[in-house]
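A look at the structure
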Amino acid sequence: MSGKRRETVIGIQFPRTTDMSSSSPSPVADPLRSVFLGVDVGTGSARAGLFDEEGKLLGSSSSPIQIWKDGACVEQSSTDIWLAICAAVKAACSQAKVAPSEVKGLGFAATCSLVAVDADSSPVTVSWSGDSRRNVIVWMDHRAVEQAERINSSNSPVLQYCGGALSPEMEPPKLLWVKENLQESWSMVCRWMDLSDWLSYRATGDDTRSLCTTVCKWTYLGHAHMQHINDKDSRDMEACGWDDDFWEEIGLGDLVEGHHAKIGRSVAFPGHALGSGLTPTAAKELGLVPGIPVGTSLIDAHAGGVGVIESVPPSEAEEHDKEAITNRMVLVCGTSTCHMAVSQSKLFIPGVWGPFWSAMVPEYWLTEGGQSATGALLDHIIENHAASPLLANRAASQKVSVFELLNKLLESMMIEQKQSFVAALTEDLHVLPDHHGNRSPIADPKSKGVIYGLTLDTSEKQLALLYLATVQGIAYGTRHIVEHCNAHGHKINTLLACGGLSKNPIYIQEHADIIGCPIILPRESESVLLGAAILGAVASKKYQSLGEAMKALNAAGQVIHPSNDPKVKKYHDVKYKIFRGLYTQQLEHRSMMAQAMA
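Residues numbered from 1 in each chain as written. Predicted model: local features only at pLDDT ≥ 70, side-chain atom pairs only at ≥ 80, totals over all residues. Heavy atoms only, no water.

In the nomenclature of an unreviewed UniProt entry, the protein chain corresponds to FGGY carbohydrate kinase domain-containing protein from the organism Crotalaria pallida. According to the UniProt record, the Sequence similarities (unreviewed entry) comment for the protein chain reads "Belongs to the FGGY kinase family." (UniProt positions renumbered as here; feature names shortened; annotations may be inferred.)

So, on to the overall build of the protein chain. Assigned secondary structure in the protein chain consists of 18 helices and 21 strands. Expected size for 598 residues packed as a compact globule is a radius of gyration near 25 Å; at 23 Å, the protein chain falls within 12% of this value. Within the protein chain, the 66 negative side-chain charges are centred at a point lying 4 Å from the centre of the 51 positive side-chain charges. (Helix = DSSP H or I, 4+ residues; strand = E, 2+ residues; numbered from the N terminus. Rg over C-alpha atoms; globule rule 2.2 N^0.38 Å. Lys, Arg positive; Asp, Glu negative; His and termini not counted. Charge placed at Lys NZ, Arg CZ, Asp CG, Glu CD.)

Here we take up the pairing of strand β16 (residues 365-371). Remark: a regular strand shows side chains that alternate across the two faces of the sheet. Here β16 lies mainly inside the structure; seven of its seven residues are buried. Along β16, one buried face is formed by Trp 365, Thr 367, Gly 369 and Gln 371 and the opposite face, lined by Leu 366, Glu 368 and Gly 370, is buried too. As defined by bridge partners, strand β14 (residues 337-343) adjoins β16 across seven bridges and the pair is classed as antiparallel. Bridge pairing in β16 links His 339 to Gly 369. (Buried < 20%, exposed > 50% of the residue type's maximum accessible area, 1.4 Å probe, protein only. Pairing = 2+ DSSP bridges.)

With that settled, the discussion passes to the nonpolar core. Soluble, globular proteins show a tendency: their nonpolar side chains are buried together. If you look at the biggest cluster of nonpolar residues, it comprises 88 residues, and the most contacted ones within it are Leu 175, Trp 192, Trp 247 and Ile 534. It is helix α16 (residues 527-539) that contributes the most residues to this core, nine residues altogether. Setting aside residues no more than four positions away along its own chain, Trp 192 makes contact with Leu 114, Val 115, Ala 116, Val 126, Leu 175, Val 178, Trp 186, Arg 209, Trp 218, Leu 255, Lys 262 and Ile 263. Counting residues in hydrophobic clusters, the runner-up holds 59 residues, among them Met 329, Leu 377, Ile 381 and Leu 391. (Core = buried A, V, L, I, M, F, W, Y, C linked by side-chain atoms within 4.5 Å. Contact = heavy atoms within 4.5 Å.)

Counting buried residues along helix α5 (residues 195-204), nine of its 10 residues qualify, which places the element largely inside the surrounding structure. Looking only at α5, the buried set comprises Leu 195, Ser 196, Asp 197, Trp 198, Leu 199, Ser 200, Tyr 201, Ala 203 and Thr 204.

The sites that UniProt annotates as "domain: Carbohydrate kinase FGGY C-terminal" (unreviewed entry) are residues 330-539. For the annotated span residues 330-539, helix accounts for 41% and strand for 18% of the residues, and the straight-line distance between the end C-alpha atoms is 24 Å.

Overall, mixed pairing links the five strands, which are arranged β3-β2-β1-β6-β12 in an open sheet. In this open sheet, the two strands that pair with only one neighbour each are β3 (57-64) and β12 (294-299). When strand polarity is set aside, the average angle formed by the axes of neighbouring strands in this sheet is 15 degrees. For strand β1 (residues 35-41) and strand β2 (residues 45-51), the ladder comprises six bridges, and the chain directions are antiparallel. Its bridge partner lying in β2, Val 39 is registered against Ala 48. Packed onto the sheet, α5 meets β1, β6 (103-110) and β12 and runs at close to 145 degrees relative to β6. (Axes fitted to C-alpha atoms, helices over the stretch in contact; angles between N-to-C directions.)

For the rest of this paragraph, the subject is a negative patch on the surface. A cluster of like negative charges, contributed by Asp 245, Glu 248, Glu 249 and Glu 257, occupies part of the molecular surface. At three residues, the largest contribution of residues to the negative patch is made by helix α7 (residues 244-249). Within the secondary structure, Glu 248 is located in helix α7. (Patch = residues over 30% accessible without salt bridge, like charges linked within 9 Å, V, L, I, M, F, W, Y side chains within 5 Å. Areas by Shrake-Rupley, 256 points an atom, 1.4 Å probe, with all protein chains shown as cover. Salt bridge = Lys/Arg side-chain N within 4 Å of Asp/Glu carboxyl O.)

Turning our eyes to something else, we now look at the environment of His 272. Within the element layout of this structure, His 272 appears in the loop between β11 (267-268) and α9 (280-286). Taking the C-alpha atoms as reference points, His 272 and Leu 546, 274 residues apart in sequence, are found 9.4 Å from one another.

Should their charged atoms come close, side chains of opposite charge can pair. This structure, assessed with the given rule, holds 27 salt bridges. For Arg 394, the salt bridge identified is with Glu 460, shortest N-O distance 2.8 Å. Taken as a pair, Arg 394 in helix α12 (residues 388-398) and Glu 460 in helix α14 (residues 460-487) lie far apart in primary sequence, 66 residues in all. Residue Arg 394 is classed as partly exposed on the basis of its relative accessible area, which comes to 31%.

By the criterion of burial, helix α3 (residues 171-181) is predominantly enclosed, with eight of the 11 residues buried. When we look at burial in α3, the residues that qualify are Glu 171, Pro 172, Pro 173, Lys 174, Leu 175, Leu 176, Trp 177 and Val 178.

Okay, the packing of aromatic side chains next. Summed over all chains, the structure comprises 15 aromatic pairs. Centroid distance Trp 128 to Trp 177: 5.2 Å. Interplanar angle 80 degrees. Geometry classified as edge-to-face. Taken as a pair, Trp 128 in the loop between β7 (114-117) and β8 (136-137) and Trp 177 in helix α3 lie far apart in primary sequence, 49 residues in all. Given the relative accessible area of 53%, Trp 128 is considered exposed. Taken together, Tyr 220, Trp 242, Phe 246 and Trp 247 form an aromatic cluster joined through their ring pairs. Over the face of the ring belonging to Tyr 576 we find Arg 479, whose NZ or CZ atom lies 4.1 Å from the ring centre. (Phe/Tyr/Trp six-rings, centres within 6.5 Å; stacked < 30°, edge-to-face > 60°. Lys NZ or Arg CZ within 6 Å of the ring centre and 35° of its normal.)

Quick look at the pairing of β12 now. Here β12 lies mainly inside the structure; six of its six residues are buried. One ladder, built from four bridges, connects β6 with β12; its direction is parallel. Across the sheet, residue Gly 107 finds its bridge partner in β12, namely Gly 295.

Across the sheet, seven strands lie side by side as β15-β16-β14-β13-β19-β20-β21; this open sheet has mixed pairing. Two strands in the sheet have a free side with no partner beyond their single neighbour: β15 (353-357) and β21 (556-560). Averaged over all neighbouring strand pairs, the angle between strand axes comes to 25 degrees, with direction disregarded. Pairing analysis gives five bridges linking strand β13 (residues 328-333) to β14, with the strands arranged antiparallel. Residue pairing for β14: Val 330 is matched across the bridge by Met 340. Against the sheet, helix α15 (residues 505-515) contacts β13, β14, β19 (494-498), β20 (519-522) and β21, and its axis sits at roughly 150 degrees relative to β20.

This part takes up unusual backbone geometry. For the bond from Gly 354 to Pro 355, the omega torsion is 5 degrees, close enough to zero to count as cis. Within the fold, Pro 355 resides in strand β15. The linkage connecting Ser 440 with the following residue, Pro 441, adopts the cis geometry, with an omega of -5 degrees. Relative to the helices and strands, Pro 441 resides in the loop between β17 (430-432) and β18 (450-452). Backbone geometry places His 260, a non-glycine residue, at a positive phi of 65 degrees.

Now for the environment of Ala 203. Assignment of secondary structure puts Ala 203 in helix α5. As for Ala 203 and Ile 474, which are separated by 271 residues in sequence, their C-alpha atoms are 37 Å apart. If we skip the residues at most four places from it in the chain, Ala 203 touches Trp 82, Phe 108, Gly 277, Leu 278, Thr 279 and Ala 282.

Structure below.
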């Protein structure tokens, strides 16, 4: 998942971001200033952001990364990703006028993609093509659906900590796929790593993995570390949460060998200082100073959670109330959307990932819902419509986004049709947004998208309606997740949103109206980068804990409230009932066709 809206390219190498530091005067360091650097690798780009001690963004830059898509297989290159990071870091430092010596801490966040390297840390292919550059299975890759089904049939106790079933987007199914299909690669790999862990390893040489990545994507049982929560001086933490019986049972017992050397001998809390900090080699490549503290990493969505979950108005910030944070859910809205909520007790929720102990906020159990395609779905809907080229040309000529044009078009249509609220325009158009399966709370990777109410109209107005109905479908999916979580013990009454889609006013207002909760936007829009930078701040010992750093560096911005018009609530309640029915009908039709094909 990714916390931003991004463009992706297929098998094309883009020119790198210009290294502005070579053409600009070197900034003069302020010996009293502490700056924290966050690096985030998403689906289509690597980004770097620099923040001051108040959590304010000083400057950021991005550099595109290559992606290969072939059916269900989606692959990237760790070498390409590192080069993009180096370009982005140098450009961000130049833009922010930050000298290398001012950077006091560094943290990495990335998509939950799987990296394969050999004993020399060189890439090992995970691709049918045999191309050694393609050593990363991207988070959205769905090649391992059949392997996930087999693993889930094992009924292992570890499955209860991920909603009862593994997703094909998690790492064990992908590992099993490689073992069964690319035996030569399987025998060559020395380390299998989540992308953000590989980045911190590439930067420090320390192979310690993150509780975030291992717990959320590898079935690691983080609560085995409960007794280590106050062990702040320990550099390496024994990986005591692997369930060896699970790996043996699913046919990956060889990963248990050597004290889990290939998947993680040592696991630590997010923000834990790694090794001796930035190695001289990595420092030279990044244009930074050797020895800068580097914190254990986070998955990008979880970094968004760390960067935003304490972003509440001062009147609502209850410093000593440990329950306050448990009433919030973070939406990290990008290519996909992740839904993060924490609780003091472990809550088992069918179809929702978790409970994951200390995977995001230390000492809290994390519940993680998600939608596999949100920004990606809106792009798909818009780009495949007959009116898209004309709309894109107009957006380019006016130097605005396509979304801005569509939002304006919807407002004018509302006035023309004498509707009292914009949502009423989609009375006859309903979307089930499961074009890439359902991650939560149904947990059905075979679910398909449904668009109900199509006509022969191919105009821009019809595209605007389809876009709005898709936004609403995504919001109904989030309502389903929130209601499902609250029915199983959560008490969520406030949403916090970050990521590219959170900058779209119609997207956010529809979510507020449909879910019936206020939505808080953070002061700093780059919440994922801030979350990554917070890891560096904690590693530098500027803050004693992740919780302390979050309270110091998170800040609230605008608050969007639900409509108080009873007509709006009644309208969405009915559309939500239709939304839920679209999946029920799909199951009936799937059963009918299965019988016909039997």
